[in-house]
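Below are the chains, spelled out letter by letter.
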Amino acid sequence: MSFSIEKGEMVLIVGSSGSGKSTLLNMIGLLDRPTEGSILIDGVDTTTLNDGAVSTFRNRKLGFIFQFSNLLTDLSVLENILLPLQISGEPHTEDDARKLLSAVGLDSQASKRANKISGGQAQRVAIARGLINKPSIVLADEPTGNLDSVTSAKIVQLIKSMAKKLNQTFIIVTHDRRHFGDVDKIITIKDGQAFEGEQMEVPA
Amino acid sequence: MEYRLRLAKKMLFNKKGSLIGAILAVTIGILVIHVNFVIFQGLYDAIVRDIGDYTTGDVLITDEADYIQRSDLSLIHWLERIPYVEAAAPRLSAQGELDVMTNGRLIEETRVPVVGVDPLRDIQASTVYKTVSDGRYVFSRNSIVLGFALVADLGGVRVGDSVKLTIVDRWGQDQTKWFTVSGLARSPGGQGFDYSAVIHIDTLRDLLKRNGNSDSIMVKLNDPTKAEEVRDFFLRSFPNDDFVAETVEEASEAQLSGFRSGIALINLIGYFGMMSSAFAIVTIQMMLVNGKTREIGVMRSIGARRKDILIIFIFQGMIIGAIGAGVGTATGLGYTFYAKETKMSFNGSLALEVTYNWEKISQTALLSFILAIAASLYPSFRATRLLPVEAMRTV
């Protein structure tokens, strides 16, 4: 499969269960390697990077939002958001993290331990953590998959507003695109092939 | 604080069971070493102490020939002019036969070690007189002190009884003398005169026909650490004599060498104990890594390098090592303090000579700290090999 995504686009990857949406996202996120072909991000062929460079690339260029927020339960909410900055080793302050926390509406929860907040709150923290390093691309794997419909709608709204505000590329895997309304591009995965748009047309 | 250290600390302290288990493993390893040291080194030092106190002093002077020909008084006066010397006393030894009438029955005991002492000087250079638990020490030319083991062999002699001592003099003639038992001696651990008879040195000289002779001079120092200095000074001062001067350790080498090997073996066993505590840490840290698989995957996915994961878990090993070494050393010192203050002994034997060996204490703490870090290397390495995607699938 072959496709390209422009900077600042919000892209949905859809498809049925087991179609390979998450695998594709993991490959874009450098969490998995393709057996063949290449993935270019900002002009860099990421399949040629070694492990250390992959880690640095993930830290600097990519932000992740997982289905199960995947916060570190030993850390506080604020510490979770700060973690990518600390891993980068760049000088930083808590200000950016607190601003993001405020943006996701959780400024009062900063010092709470990550396992002491609700699932919806945890997902909002995960969004803040995914954005803290100002990544080129934010990858979200079923970000609402573990939430009820009301909370899901709020999370989608939050993601869309953040994407608009930050002008970052968002690639979102979802099994239900209706939550997201209008987006810049939809890529459908079916039978190992990628098609642009929702209409699953089999090429001649 | 360094984020990896903070993360290591939080991960560890939120798993209190594992943390306590790992610290206990280190603590027990250190405690084994401390207990071994207190008991076995304490026993060794107690034996050295008692040999010094009862038999050799801090420096023992003998002659390559059987007897010191020079006047003991002149030597003692010479020695007592050395500032480090507190006192010196001559001793003379022989073997004899003791006869006693007990309940109308004659009991003979042959090959009895007989020690001749100068009562006035001996109580200054030796504490053996303190082992006389019944009666008093040798005080006159015809008084005799008998050791408890000897008393038992003689059928239960009491203070005030008369005993006959027969000794073969230097010319091969039997010399006999009656003595009055003035005291009975029993020392904890049996390092004193428990198996001997003690009489006045001049009486023994008379019996042996060796007027003016002694076979050793025990020298007590006010600073035992100067023993080698005094020994060397003495030998330099009498270059033309055949004197032998030895520290207490040298004089009792034959008696102590086997014991030292035993201590080395016990210490080795202690260090093996410490090694097994390292295996316990490996197991506990593997459990910690397994319990944090998902978190490791998350950290890797947000950019943590393998090195960062390695450092986090090595930091955990360092935390376990530092706390374990601290708690273990504190516990060990507590035990040492208790043993020292209570003058610990076993079954009424000699009281352990307990010392704080700060060099060994520091070495043990440092070794356990290093072992804890070494034990964390393999689990840390395993943590770095986890693949982010697979790790994050772990529930």
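Thresholds applied
- Residues numbered from 1 in each chain as written.
- Chains lettered and ligands numbered in written order.
- Predicted model: local features only at pLDDT ≥ 70, side-chain atom pairs only at ≥ 80, totals over all residues.
- Heavy atoms only, no water.
- Axes fitted to C-alpha atoms, helices over the stretch in contact; angles between N-to-C directions.
- Helix = DSSP H or I, 4+ residues; strand = E, 2+ residues; numbered from the N terminus.
- Parallel < 35°, antiparallel > 145°, perpendicular 65-115°, else oblique.
- Left-handed = near helix turned anticlockwise from the far one by under 90°.
- Contact = heavy atoms within 4.5 Å.
- Nonpolar A, V, L, I, M, F, W, Y, C, P; charged D, E, K, R; others polar.
- Pairing = 2+ DSSP bridges.
- Core = buried A, V, L, I, M, F, W, Y, C linked by side-chain atoms within 4.5 Å.
- Buried < 20%, exposed > 50% of the residue type's maximum accessible area, 1.4 Å probe, protein only.
- Right-handed = clockwise from strand over helix to strand, strands pointing away.

## Topic: the packing of helix H2 (residues 16–56) of chain B against helix H12 (residues 358–384) of chain B
The packing of two helices is summarised by the inter-axis angle and the distance between the axes.
Residue and element names in this part refer to chain B.
Working step 1: Contact geometry for H2 and H12: axes closest at 10 Å, N-to-C directions at 155 degrees. What the angle tells us is that H2 and H12 run roughly antiparallel. In the crossing of H2 with H12, the sense of the turn from one axis to the other is right-handed. Of the residues in H12, those in contact with Val26, Ile30, Ile33, His34 and Phe37 of H2 are Lys360, Ile361, Thr364 and Ser368.
Working step 2: Taken together, the residues of the contact of H2 with H12 sort by class into five nonpolar, three polar and one charged.

## Let's talk about the sheet that holds strand E7 (residues 185–190) of chain A
Residues and elements named next belong to chain A.
Working step 1: An order of E4-E5-E6-E1-E7-E8 is seen for the six strands of this open sheet, with the pairing classed as mixed. In this open sheet, the two strands that pair with only one neighbour each are strand E4 (62–65) and strand E8 (193–196). On average, adjacent strands in this sheet sit at an angle of 20 degrees to one another, irrespective of strand direction.
Working step 2: Alignment of E4 against strand E5 (residues 137–141), held across four bridges, turns out to be parallel. Residue pairing in the sheet places Gly63 in a bridge with Val138 of E5.

## Here we look at the environment of B:Ile266
Working step 1: On the secondary structure map, B:Ile266 appears in helix H9 (residues 253–291).
Working step 2: Once residues lying within four places of it in the same chain are set aside, the contact partners of B:Ile266 are B:Asn36 and B:Phe40.

## What to know about the nonpolar core
Note on soluble globular proteins: their nonpolar side chains tend to be buried together.
Working step 1: Ranked by size, the top nonpolar core spans 64 residues in total, and within it A:Ile13, A:Ile41, A:Leu62, A:Leu83, A:Leu139 and B:Met299 carry the most contacts.
Working step 2: Setting aside residues no more than four positions away along its own chain, A:Leu62 makes contact with A:Ile28, A:Gly29, A:Leu30, A:Ile41, A:Phe57, A:Pro135, A:Ile137 and A:Leu139.
Working step 3: Formed by 38 residues, the second largest nonpolar core is a distinct cluster that contains A:Leu71, A:Val104, A:Ala140 and A:Leu147.

## Describing the environment of B:Ile370
Working step 1: Inspection of the secondary structure puts B:Ile370 in helix H12.
Working step 2: In sequence terms B:Ile370 and B:Val389 are 19 residues apart; their C-alpha atoms lie 33 Å from each other.

## Quick word on the pairing of strand E6 (residues 169–173) of chain A
Residue and element names in this part refer to chain A.
Working step 1: Of all five residues that make up E6, five are buried, and the element is covered over most of its length.
Working step 2: As judged from the four bridges shared by strand E1 (residues 10–15) and E6, these two strands associate in the parallel manner. Considered in E6, the bridge of Leu12 is made with Ile172.
Working step 3: Where E5 lies against E6, five bridges are found, and the strand directions are parallel. Looking across to E6, one finds that Asp141 is bridged to Val173.
Working step 4: Handedness of the E5-helix H6 (residues 149–166)-E6 crossover: right-handed.

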